[in-house]
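Coordinate inspection notes
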Amino acid sequence: MKKLIAVAIAVILTLSAVMCAFGAPAYKGDLDGDGKVLAGEARRILRMSAKLDPQPDRDSEAFRLADVDGDGKLLAKDARIALRISAKLEPMMTNQTADFSTITEGKLIMATNAAFPPYEYIEDNMIVGIDAEIAALIAEKLGLELDIQDVDFDSIVAGVAGGKYDMGMAGMTVTEARKKIVNFTDTYATNVQAIIVPEGSPIKSADDIATDGSMKIGVQLGTIGDFYDSAEPEDWGFGEDNVKRYKTGPGALQALISGKVDAVIIDNETAKAYVAANEGLVLLSEPYTEENYAICVDPSNAALLDAVNGAILELISDGSIQAIIDKYS
Ligand code: ARG
């Protein structure tokens, strides 16, 4: 009898060991089920939460695992918790002397277009703003000296892909077209496009521009406003003939003030800053696109992309990025 019990216990123990190895439910945050939560998983959760990855089906196992705090929503907070779990399991990647390289050793060359408050603008001869501050923290984490260069917005993507700059950070929206040329980091902010019109304008919404058909819209060359708005009406644009392109955002705004265009379409936070700084302009509150801002990196430098992503994740997790954004809004 004793022997029988011993055998039964042995069988149960073996069975439960086998079940643990094969059928054990993976724990929260461990997306690949390898028994560990690593920084890469935290990054994936962050991407899911920013909707860059297709959102997993609400009932799916992936959603259950990624929703680390189990509140039924996938938020950056889940990535933050996963990162905290992973930090106990592996050294934080950006604290290691990582094996990435930059164009000039010891430097991080960033291209921007500094007429885009609150993300980047010039104050007392210095480039300041949300991007400049976040970039400074990234450079610090990577142990590099930040060198910000103010260039035309429409030259940034090509310059980054061509190895002229290590990264481009300019309130830049992630688009499929740009993704064919450069790599994008994880999202660090979101944006909607906004419409600026003069006080008393008959334009009250994007629909009014579309219905009228003869309104001229000012945009910054090479921006998402330029792509969307110059598209044909069947693609929700206003048609090539109705769009006037300017090298800078303030250039487009000047055209609006002097009556050369009927509206300016530009990123919401920048639109708010322009309207606040100029009399007689109104911001139409109807946002008609939603987009993500990210940093673009040379596609042949995957190690730098990883390193910058590691830094961004830490800066999201510890609340630094939100604090910088809040400071400017
Ligand atoms: N988010 C828009 C885009 O990516 C506009 C960015 C303009 N940025 C600037 N620094 N001027 O196309």
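In this numbering scheme, every chain counts its residues from 1 along its sequence in written order. Thresholds applied to this predicted model are a pLDDT of at least 70 for local features of residues and 80 or more for the giving and counting of side-chain atom pairs; totals over whole chains, interfaces and linings are not thresholded and use all residues. Excluding hydrogens and water, the side-chain figures rest on all heavy atoms present in the structure.

The three strands are arranged 2-3-4 in an open sheet whose pairing can be described as antiparallel. Edge positions in the open sheet fall to strand 2 (115-116) and strand 4 (126-128), since each of these has one partner strand only. The pairing criterion for strands is at least two bridges between them, as found by DSSP. Helical segments are the DSSP runs of H or I of at least four residues, strand segments are the runs of E of at least two, and each set is numbered from the N terminus. Examined bridge by bridge, strand 3 (residues 120-123) and strand 4 share three bridges and lie antiparallel to one another. Counterpart to Glu-123 in the pairing with strand 4 is Met-126.

We call a residue buried when its accessible area falls under 20% of the maximum for its residue type, exposed when it is over 50%, and partly exposed in between, using a 1.4 Å probe and counting protein chains only. Those residues of helix 11 (residues 268-277) lying buried are Asn-268, Thr-270, Ala-271, Tyr-274 and Val-275. Along the long axis of helix 11, the arc covered by the buried residues comes to 155 degrees, so they all point the same way. Those residues of helix 11 that are exposed and aimed more than 90 degrees away from the buried face are Ala-276 and Ala-277. Here, residues are in contact when the closest pair of their heavy atoms is within 4.5 Å. Looking at the buried side of helix 11, the elements it contacts are strand 2, strand 8 (189-198), helix 10 (249-257), strand 11 (263-267) and strand 12 (281-284). Throughout, the arc means that of the directions going from the helix axis to the C-beta atoms.

This part covers the confidence of the model for the chain. A score between 0 and 100, pLDDT records how confident the predictor is in each residue. Considering every residue of the chain, the mean pLDDT works out to 85; 85% of them sit at 70 or more. This model gives residues 7-24 a pLDDT under 50, and the stretch forms two contacts once residues within four places in sequence are excluded. pLDDT under 50 marks residues 91-97. Its contacts with residues more than four places away, or in other chains, come to 14 contacts.

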